Amino acid sequence: MSYISSNRTPLLSKIATNDGHAEKSPYFDGWKAYDKNPFHPTQNPNGVIQMGLAENQLCFDLVQEWLVNNPKASICTEEGVDKFRDIAIFQDYHGLPEFRNAVAKFMGRVRGDKVRFEPDRIVMSGGATGALELITFCLADPGDAFLVPTPYYPGFDRDLCWRTGARLLPVVCHSSNNFKVTRKALEDAYAKAVEANIRVKGLLITNPSNPLGTILDRDTLKELMSFINEKNIHLVCDEIYAATVFRQPNFVSIAEIIEEDQEYNRNLVHIVYSLSKDMGFPGFRVGIVYSYNNAMVECGRKMSSFGLVSSQTQYLIASMLSDDQFIGKFLLESSGRLATRHKDFTDGLRQVGIKCLNSNAGLFLWMDLRGLLRESTVEAEAALWRVIINDVKLNVSPGSSFHCSEPGWFRVCIANMNEETMKVALTRIREFVLRNGDKPGRKEKSCQSNLRLNFPFRRMEDVMRTPCIMSPHSPIPQSPLVQART
Amino acid sequence: MAIEIEAAPSVQLSRVADSETHGENLAYFAGWKAYDEDPYNEASNPSGVIQMGLAENQVSFDLLEECLEKHSEASTWGKGAPGFRENALFQDYHGLLTFRKAIVSFMEEIRCGGAKFDPERVVLTAGATAANELLTFILADPGDALLVPTPYYPGFDRDLRWRTGVKIVPIVCDSSNNFQITTEALEAAYELAESMNIRVRGVLITNPSNPLGVTISRSVLEDILDFATRKNIHLVSDEIYSGSVFSSSEFVSVAEVLEAREYRASERVHIVYSLSKDLGLPGFRVGTIYSYNDKVVTTARRMSSFTLISSQTQHLLACMLSDKKFAKNYIEINRTRLRKRYERIIDGLRSAGIECLKGNAGLFCWMNLSPLLEKPTRESELDLWRTMLQEVKLNISPGSSCHCSEPGWFRVCFANMSEHTLEVALERIHKYMEQRRT
């Protein structure tokens, strides 16, 4: 039904009419392309494969098994329905005690039990999306800024700025040192803000990083702590990918740094967490704000009324996360499967001369396609991205949507599909590379002048002879073509 | 608790964080605290404080549990939980279509088919708390105002104002006409805002009203809609208690008024709904915004990312509410039980010498204790409230916390307790009134 538009329709607010929702970002364009033509192994095998969604779909079988064996965890089953009333009525913004306890325990386990989290400091929110906005409302006035290292998750622009009126200022990082955050970059960003008369209220980091998939080492974390202490600004650590670390070095949480050194001002530190990535439950909207600042906890808790976790979900999660045996098994399996998926993919890419940033966490790869750009520009990157979507039929996310300072990087999600789909994706990449091989006079139909879609392989025949890299039983050969250009 | 680091400069939180606009230092919440410290329990604490300040619906759980039994497998993602994966992954801010359809069907049933709703216009939020705040962000800029009839739900002070920076200008209603909203009062509120240089962006009504427990008549709804049209402002109708009207024929939704007008001027109208009151499921955080304005729907949907409903809960409720027989049956029986409760409390209060506003909906009655006040002042009302809390051991909500213009009125909830507890409460009131007479 559509309604007759009257001559005088009352206006909407500035927030409603600006672009703060950030949906015009290319990050979302790929989603649209996928939505119009989604891949399906049998029904639409030529559709676009979604590699722009950082989801963790590798361990649902384990969760399903647990659910079948634990009917009491649901208030809808015969076994659990006696709890229905109490749970349905429970809207206390402190959250179910068993929920807070279970989450605190889980957070500790994910960090190797090197730190303990206090259930009383746990505040609920509508997913990490809600958590980030809530923290910003509590820490920043409209016009205040947060520093954030680039490249960063596109959602931050909306989450921290849209309704709060806060702003994000980039701390520019470069591939020359693997995008590490340096003291100099922080100081530069801070100085720029001061010059522009912008009040900096905090620094936002994501650790493990999205989109890089890398973790911050201890020294860097300490550097960050001393920086924020010096400037007397807050530190917000989004540790949403904490349990996606699948290989050494081990994850170091900001919580550990705080425990180690009593000189740091804890009142400045706040952690954002969620079960969307580690457990693979984005639909359940389990967001957590964990703050070492009592005033923040108090205020945040009151604010959480705007985004509480459904008590039905709290109850289920409490039950699941307190099952020590299950969680132990889950965390182990999950990181193992991620490691395998990561290796299969990076190997597959390497075989055709495509390198990725060396990473040990996350649900994605940070793929380096700078060599395919004739000019190092955002336009060239966008052109390449269109080719990837339209010709290779993969929705990957262009680095510019993550505010990356260097064009040519792409985030490729690898944990949101099964093995078969992964193989299809790799095959397509491979075929695309072959099609654009080093043959004289060959022109790609959709060739853009700013792209060099000629892969610099000395012997294309070698690529075709390389045994199937997907088989788990055949050793991944040392391809003579490994020398990809940068 | 963490070791406090001494001598560390404390970094300020934001202005929003420091403000008191969350409203938690008011009497409304103070009563909750008193109850928390000494809660009544039939067996273990029969002389504790009886909670009559919480508008919850606990009278129809058996019906829900029965429904669950029938749909158990469906709601737990099927035998062996094959549906779990898809559900756990579902974070699309459009919301589950099955759930939106089910909610629409439920809303239509409540209005006895007097209005039709389109599932594509339903936006989901985690509770009406979030819905009201979200709409405010969309309809008004910081410093602007929404007009709200008094007395109103205390939570609005937080929901509409705290993080949005929007103001509430009261549309003052009084007992001379049973607190009905008049065009004069609307105009007066608008002029007051204008005189303070505040831009009015909309009117927000609650229908049925909290705390009055009365539905707004069709003609008053027409007047309000006309007023909003004249001033070219929005109209938000919070219909969270629509399923709690004691007699189905007495509720007129703004949706029905719009349908009768063939949806002219409807782009300014937005309805808020929730399952917290009608179904008694506040813990599940199920709120909805229904807007006749396309841009509002699109924007609200995007904004709902901050406050989506758990897909697990959407799935459960889709299963339950798609059972139309259950829904129809539930609405009827729930209504009847609420009406019986209401009649009992009115009767009990009357025999104690206390009158209430004539109500026809909701989970509470609007009690008139103004004859008992020492002086017709807010202070006297609060004194009486404290007496009720500390001596009579009943937590009821003072009208001043609802911004009522006349002191002496109290909101008394009756659906959040067993029948026996209600009798205990009535007995205590009786005793108190007797003591006063002697």
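Residues numbered from 1 in each chain as written. Chains lettered and ligands numbered in written order. Predicted model: local features only at pLDDT ≥ 70, side-chain atom pairs only at ≥ 80, totals over all residues. Heavy atoms only, no water.

A. View of the overall build of chain B. If you tally the helices and strands in chain B, you get 15 helices and 13 strands. Computed over C-alpha atoms, the radius of gyration of chain B comes to 22 Å, within 12% of the 22 Å expected from 2.2 N^0.38 for 438 residues, which places it in the range of a compact globule. Classification of the 438 residues of chain B by burial places 64% in the buried group. Counting contacts in chain B only where the partners sit at least 6 residues apart, residues at least 24 apart contribute 75% of the total. Here chain B has roughly 16100 Å² of accessible surface; of this, 49% comes from carbon and sulfur atoms. (Helix = DSSP H or I, 4+ residues; strand = E, 2+ residues; numbered from the N terminus. Rg over C-alpha atoms; globule rule 2.2 N^0.38 Å. Buried < 20%, exposed > 50% of the residue type's maximum accessible area, 1.4 Å probe, protein only. Contact = heavy atoms within 4.5 Å. Areas by Shrake-Rupley, 256 points an atom, 1.4 Å probe, with all protein chains shown as cover.)

B. How the structure looks around the overall build of chain A. A count of helical and extended segments in chain A gives 16 helices and 13 strands. Looking at chain A residue by residue over its 486 residues, the buried ones come to 63%. Expressed as a percentage of contacts within chain A between residues at least 6 apart in sequence, the contacts between residues at least 24 apart total 75%. Roughly 18800 Å² of accessible area belongs to chain A as shown, and the carbon and sulfur atoms make up 49% of that amount.

C. Focus on the confidence of the model for chain B. Residues and elements named next belong to chain B. When pLDDT is averaged along chain B, the result is 93; 97% of the residues meet or exceed 70. Note on residues 1–9: pLDDT is under 50 here. Beyond four places in sequence and across chains, it has 16 contacts. For this predicted complex, the interface score ipTM comes out at 0.94, while the overall pTM is 0.92. (pLDDT = per-residue confidence, 0-100.)

D. The arrangement of the environment of A:Val63 in detail. Inspection of the secondary structure assignment puts A:Val63 in helix 3 (residues 60–69). The spatial distance from the C-alpha of A:Val63 to the C-alpha of A:Thr129 is 24 Å, given a sequence separation of 66 residues. Non-local contacts of A:Val63, meaning those with residues more than four positions away in its chain, are made with A:Phe281, A:Met320, A:Phe326, A:Phe330 and B:Phe84.

E. Spatial organisation of the sheet that holds strand 8 (residues 286–291) of chain A. Residues and elements named next belong to chain A. Spatially, the seven strands line up as an open sheet ordered 2-8-7-6-5-3-4, and their pairing is mixed. At either margin of the open sheet sits one strand with a lone partner, and together these are strand 2 (122–126) and strand 4 (167–171). When the angles between neighbouring strand axes are averaged without regard to direction, this sheet yields 25 degrees. Bridge count for strand 2 against strand 8 is five bridges, and the pairing is antiparallel. In the strand pairing of strand 8, Val123 is matched with Val289. (Pairing = 2+ DSSP bridges. Axes fitted to C-alpha atoms, helices over the stretch in contact; angles between N-to-C directions.)

F. Representation of the confidence of the model for chain A within the structure. Per-chain confidence: chain A averages 89 in pLDDT, with 88% of residues scoring 70 or above. Within the model, the stretch residues 456–486 of chain A combines pLDDT values under 50 with 51 contacts to residues more than four positions away or in other chains.

G. Region of interest: helix 11 (residues 294–303) of chain A. Counting buried positions along helix 11 of chain A gives seven out of ten residues, so the element sits mostly inside the fold. Taken together, the buried positions of helix 11 of chain A are A:Met296, A:Val297, A:Cys299, A:Gly300, A:Arg301, A:Lys302 and A:Met303. The inward-facing, buried residues of helix 11 of chain A contact strand 2, helix 6 (127–139), strand 7 (269–274) and strand 8 of chain A together with helix 1 (15–18) of chain B. Backbone nitrogen of A:Ala295 and a side-chain oxygen of the N-cap are separated by 2.9 Å at the start of helix 11 of chain A; the cap is A:Asn293. (Polar contact = N/O pair within 3.5 Å; in protein donor to acceptor, adjacent residues only side chain to side chain.)

H. Quick peek at a negative patch on the surface. A grouping of A:Glu78, A:Glu79, B:Glu66 and B:Glu69 is seen on the molecular surface, where their side chains present a negatively charged patch. With respect to the helices and strands, B:Glu66 occurs in helix 3 (residues 61–75). (Patch = residues over 30% accessible without salt bridge, like charges linked within 9 Å, V, L, I, M, F, W, Y side chains within 5 Å. Salt bridge = Lys/Arg side-chain N within 4 Å of Asp/Glu carboxyl O. Lys, Arg positive; Asp, Glu negative; His and termini not counted. Charge placed at Lys NZ, Arg CZ, Asp CG, Glu CD.)

I. Quick look at the packing of aromatic side chains. Enumeration according to the criterion identifies 35 aromatic pairs over all chains in this entry. Look at A:Trp366 and A:Phe402: their rings are 5.8 Å apart centre to centre, the planes differ by 85 degrees, and that puts the pair in the edge-to-face class. Of this pair, A:Trp366 sits in strand 10 (residues 364–368) while A:Phe402 sits in the loop between strand 12 (397–398) and strand 13 (409–413); the two residues are 36 residues apart in sequence, bridging distant segments of the chain. Cluster of aromatic residues (ring-pair linked, three or more members): A:Phe60, A:Phe281, A:Phe284, B:Trp77 and B:Phe84. Above the plane of the ring of A:Tyr190 lies A:Lys231, whose end atom (NZ or CZ) is 5.1 Å from the centre. Lying across the ring of B:Tyr190, B:Lys231 places its NZ or CZ 4.6 Å from the centre. (Phe/Tyr/Trp six-rings, centres within 6.5 Å; stacked < 30°, edge-to-face > 60°. Lys NZ or Arg CZ within 6 Å of the ring centre and 35° of its normal.)

J. Up close: the nonpolar core. Among the nonpolar cores identified, the biggest contains 287 residues, and A:Phe84, A:Phe281, B:Met52, B:Phe84, B:Val203, B:Phe284 and B:Ile345 are the most heavily contacted of them. Top element by residues in this core is helix 13 (residues 324–351) of chain B. It accounts for nine residues. Filtering out sequence-adjacent residues up to four positions away, A:Phe281 remains in contact with A:Phe60, A:Val63, A:Leu275, A:Ser276, A:Ile317, A:Met320, B:Phe84 and B:Ala88. Core analysis: the next-biggest nonpolar cluster, separate from the first, contains 33 residues, A:Leu369, A:Leu373, A:Val392 and A:Val412 among them. (Core = buried A, V, L, I, M, F, W, Y, C linked by side-chain atoms within 4.5 Å.)

K. View of the pattern of salt bridges. Counted according to the given criterion, the structure contains 53 salt bridges over all chains. A salt bridge links A:Asp141 to B:Arg15; the nearest nitrogen and oxygen atoms lie 3.5 Å apart. Residue A:Asp141 is found in the loop between helix 6 and strand 3 (145–149), and its partner B:Arg15 is found in helix 1; the two belong to separate chains. When its relative accessible area of 6% is taken as the criterion, A:Asp141 is described as buried. Ionic contacts of the salt-bridge type, sharing partners, join the residues A:Lys14, B:Asp141, B:Asp144, B:Arg199 and B:Arg201 into one network.

L. Quick peek at helix 3 of chain A. Here helix 3 of chain A has its buried residues at A:Phe60, A:Leu62, A:Val63, A:Trp66 and A:Leu67. Down the axis, helix 3 of chain A shows its buried residues gathered within 160 degrees of arc, on one side only. Summarising the contacts, the buried residues of helix 3 of chain A are in contact with helix 12 (311–321) and helix 13 (324–351) of chain A together with helix 4 (84–89) of chain B. (Arc of directions from axis to C-beta.)

M. Broad picture of the pairing of strand 4 of chain A. Residue and element names in this part refer to chain A. For strand 3 and strand 4, the ladder comprises five bridges, and the chain directions are parallel. Counted as the bridge partner of Val148 is Pro170 from strand 4. Regarding the hand of the β-α-β motif, the stretch spanning strand 3, helix 7 (residues 155–161) and strand 4 is right-handed. (Right-handed = clockwise from strand over helix to strand, strands pointing away.)

N. Layout of the interface of chain A and chain B. The interface of chain A with chain B comprises 88 residues on the first partner and 92 residues on the second. Taken together, both faces of the contact between chain A and chain B bury some 8100 Å²; the carbon and sulfur share is 59%. On inspection of chain A and its partner chain B, the count reaches four salt bridges. Across the pair B:Asp141 and A:Lys14 runs a salt bridge whose closest N-O atoms are separated by 3.8 Å. Mapped by element, the contributors of at least two residues to the side of chain A that touches chain B are helix 1 (14–17), helix 3, helix 4 (84–89), helix 6, helix 7, helix 11 and helix 12 of chain A. Looking at which element gives the most residues to the side of chain A that touches chain B, the answer is helix 6 of chain A, with seven residues. Residues belonging to the side of chain A that touches chain B are distributed by class as follows: 41 nonpolar, 30 polar and 17 charged. (Buried area = accessible area lost by both parts, 1.4 Å probe. Nonpolar A, V, L, I, M, F, W, Y, C, P; charged D, E, K, R; others polar.)

O. Molecular detail of the pairing of strand 10 of chain A. All names here are of chain A. Counting buried residues in strand 10 gives five out of five residues, a clear majority hidden from the surface. Neither face of strand 10 is open: one carries Phe364, Trp366 and Asp368, the other Leu365 and Met367, and all of them are buried. Pairing between strand 9 (residues 355–356) and strand 10: two bridges, direction antiparallel. Looking across to strand 10, one finds that Cys356 is bridged to Met367.

P. Just the packing of helix 3 of chain B against helix 12 (residues 311–321) of chain B, in detail. Residue and element names in this part refer to chain B. Here helix 3 crosses helix 12 at 115 degrees, and the two axes come no closer than 9 Å. For the element pair helix 3 / helix 12, the angle class is roughly perpendicular. As helix 3 packs across helix 12, the resulting crossing turns out to be right-handed. Here Leu64, Cys67, Leu68, His71, Ala74 and Ser75 of helix 3 lie close against helix 12, whose contacting residues are His315, Leu316, Cys319 and Met320. When the residues that make up the contact of helix 3 with helix 12 are grouped by side-chain class, the tally is seven nonpolar, three polar and no charged. (Parallel < 35°, antiparallel > 145°, perpendicular 65-115°, else oblique. Left-handed = near helix turned anticlockwise from the far one by under 90°.)

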